[in-house]
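Read off the chains here:
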Amino acid sequence: FSFAYKAEYSVKDDKLFITTDSFTRMMLERDSSKKVITEALKACSDKPYVIVFRDNKVDTKQTSFFDEL
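Each value, and the rule that gives it
- Residues numbered from 1 in each chain as written.
- Predicted model: local features only at pLDDT ≥ 70, side-chain atom pairs only at ≥ 80, totals over all residues.
- Heavy atoms only, no water.
- Buried < 20%, exposed > 50% of the residue type's maximum accessible area, 1.4 Å probe, protein only.
- Helix = DSSP H or I, 4+ residues; strand = E, 2+ residues; numbered from the N terminus.
- Pairing = 2+ DSSP bridges.
- Core = buried A, V, L, I, M, F, W, Y, C linked by side-chain atoms within 4.5 Å.
- Contact = heavy atoms within 4.5 Å.
- Axes fitted to C-alpha atoms, helices over the stretch in contact; angles between N-to-C directions.
- Salt bridge = Lys/Arg side-chain N within 4 Å of Asp/Glu carboxyl O.

## Looking at the pairing of strand β2 (residues 15–20)
- Of all 6 residues that make up β2, 5 are buried, and the element is covered over most of its length.
- Pairing of strand β1 (residues 8–12) with β2 involves 5 bridges; the strand directions are antiparallel. Bridging across to β2, Val11 finds its partner in Leu16.

Shown next as structure tokens:
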């Protein structure tokens, strides 16, 4: 499950925060992916968690060919 491997995880109270880039977030938010994550959490923990997806915003300056002219 390579998309889940790229993400960062943190837990606060009853929430599991999954932080990753926008594309990976989109892939993990799919129903089939959320089902696998939820089942894995149930297998590893007695506590139910709410899954919260977050983007890790990277502040980078976007440049293009035209900026160089």
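Here the narrative resumes, following the displayed structure.
## Some points on the nonpolar core
- Judged by nonpolar contacts, Ala4, Ala7, Leu16, Ile18, Leu28, Ile37, Ile51 and Phe53 together constitute the single largest core of 8 residues.
- In contact with Ile18, not counting residues within four places along its chain, are Ala7, Glu8, Tyr9, Leu28, Ile37, Ile51, Val52, Phe53 and Arg54.

## Overview of unusual backbone geometry
- Phi at Asp13 takes a positive value of approximately 55°, unusual for a residue other than glycine.
- With relative accessibility at 59%, the residue Asp13 sits in the exposed group.

## Points about the sheet that holds strand β3 (residues 50–55)
- Taking strand neighbours across the sheet as the criterion, the 3 strands line up as β1-β2-β3 in an open arrangement whose pairing is mixed. Two strands in the sheet have a free side with no partner beyond their single neighbour: β1 and β3. Neighbour to neighbour, the strand axes of the sheet diverge by 25° on average, direction disregarded.
- As paired strands, β2 and β3 are joined by 6 bridges and run parallel to one another. Its bridge partner being in β3, Lys15 is matched across the sheet by Val50.

## Considerations on the pattern of salt bridges
- Throughout the structure, instances matching the rule amount to 2 salt bridges.
- Of the charged contacts in the structure, one is a salt bridge between Glu29 and Arg25, with a shortest N-O distance of 3.2 Å.
- Glu29 sits in the partly exposed class, given a relative accessible area of 33%.
- Given the relative accessible area of 25%, Arg25 is considered partly exposed.
- A salt bridge links Arg25 to Asp55, with the nearest nitrogen and oxygen atoms 3.4 Å apart. Remark: Asp55 occurs in strand β3 and Arg25 occurs in helix α2 (residues 22–28); sequence separation between them is 30 residues.
- Classification of Asp55 as partly exposed rests on a relative accessible area of 23%.

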